[in-house]
Amino acid sequence: MDSFEGYLTKDGIRIHRPEDFAGMHAAGALAAHILDEMVPMVRPGMTTGALNDRITALVEAAGATSATIGYRGYQHASCISVNHVVCHGIPGAKVLKDGDILNIDVTVIVDGWFGDTSRMYVAGKLNRRAERLIQVTHDALFKGIEMVKPGNTFGDIGHAIQSYVEAQRMSVVRDFCGHGLGQVFHAPPNVLHYGRPGTAAVLEEGMFFTIEPMVNLGRPETKVLADDWTAVTRDKSLSAQFEHSIGVTADGCEIFTLSPGGKYHPTWA
Ligand code: MF3
Ligand code: CO
Ligand code: CO
């Protein structure tokens, strides 16, 4: 395979080389390690800014680069999305209170490769409705991951996620999607978390992308606040998200962002 350089499919999706998986595993493992380090820090009284400061320090200590600092004007090493914030919450002075649920999303660059992952945390005591939302969202991500193998389509992934979530009487956010990644942050395809079986591009060995479903207890509609980043549910219902970066193999996939400490879900156990 020495002369194989990788190429783009007709849909503009990059097919990576077998040796490229190692770069993605290194980047993914760092992003996941940083999320592991957040587990003991998430508690009532903590600010989202303090969590982000620790993330910034961990990226630097690893000799890596934050992919989000400077990305389209974004200034922080993480997105921290609390309660009805769907995604792209900006860390800052907000103080966590008992029962808050939050997603922390970190993307790092290691030797040119991007690792992008997020998971859910709770400050203090978790209520039953929030726990169910988080469980369904986690399981929806894995319903999608189970569909990842050569010959299946991106529509198969979206359909698996959507049908599972809606059977639980929750809704899938349409306004944000997963994405190809590798030596870039966001590349084709858009990985929709809804869809019809057999539609959209066909999966091939060597494709790298994220799956990152956002699930709401209420309606799927979102709006972006005046800060131009923070996306919230229009009906103010609770929202959850999980994200993994994965690569398609000959017979399935590898997850690049597995938690080294086994703390992906639940983070509060
Ligand atoms: N990590 C997010 C994703 O999953 C993107 C964050 S972009 C930022 O694609 F600028 F908001 F950080
Ligand atoms: Co992503
Ligand atoms: Co992300």
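No experiment lies behind these values; they were computed from the predicted model shown.

> Any chance you could explain the layout of surface pockets here in plain terms?
Empty space left among the atoms is revealed by rolling a probe the size of a water molecule over them. Reported here for the largest pocket is a volume of approximately 560 Å³. If you trace the largest pocket, you find 27 residues lining it, with Tyr71, His88, Phe176, His179 and His186 closest to the centre. The biggest single contributor to the lining of the largest pocket is strand S10 (residues 187-191), with three residues. When its residues are assigned to classes, the lining of the largest pocket shows twelve nonpolar, eight polar and seven charged. Roughly 200 Å³ of internal volume is contained in the second largest pocket. Residue lining of the second largest pocket: 13 residues in total, with Val82, Val85, Ile90, Lys94 and Thr230 positioned closest to the centre. Residue contributions to the lining of the second largest pocket peak at three residues, all from strand S4 (residues 78-82). Each residue belonging to the lining of the second largest pocket can be placed in one class, and the counts come to six nonpolar, six polar and one charged.

Basis of the calculations
- Counting of residues starts from 1 at the beginning of each chain's written sequence and follows it residue by residue.
- For naming, the first written chain is A and the first written ligand is 1, with later ones following in the order written.
- Restriction of local features to residues with pLDDT of at least 70 applies here, the model being predicted, together with a cutoff of 80 or more for giving and counting side-chain atom pairs; totals for whole chains, interfaces and linings are based on all residues.
- Values reported for side chains reflect all heavy atoms of the structure, with hydrogen atoms and water molecules removed beforehand.
- Points on a 1 Å grid over protein atoms alone make up a cavity when a 1.4 Å probe fits among them but cannot get out, and a pocket when they form an open set with protein on both sides within 12 Å along at least five of seven lines; lining residues each have an atom within 4 Å of a point.
- Grid points are joined across faces, edges and corners, and a volume is the space filled by probe spheres set on the points.
- A run of DSSP states H or I qualifies as a helix once it reaches four residues; a run of E qualifies as a strand once it reaches two. Both are numbered from the N-terminal end.
- When residues are sorted by character, Ala, Val, Leu, Ile, Met, Phe, Trp, Tyr, Cys and Pro go into the nonpolar class, Asp, Glu, Lys and Arg into the charged class, and all the rest, Gly among them, into the polar class.

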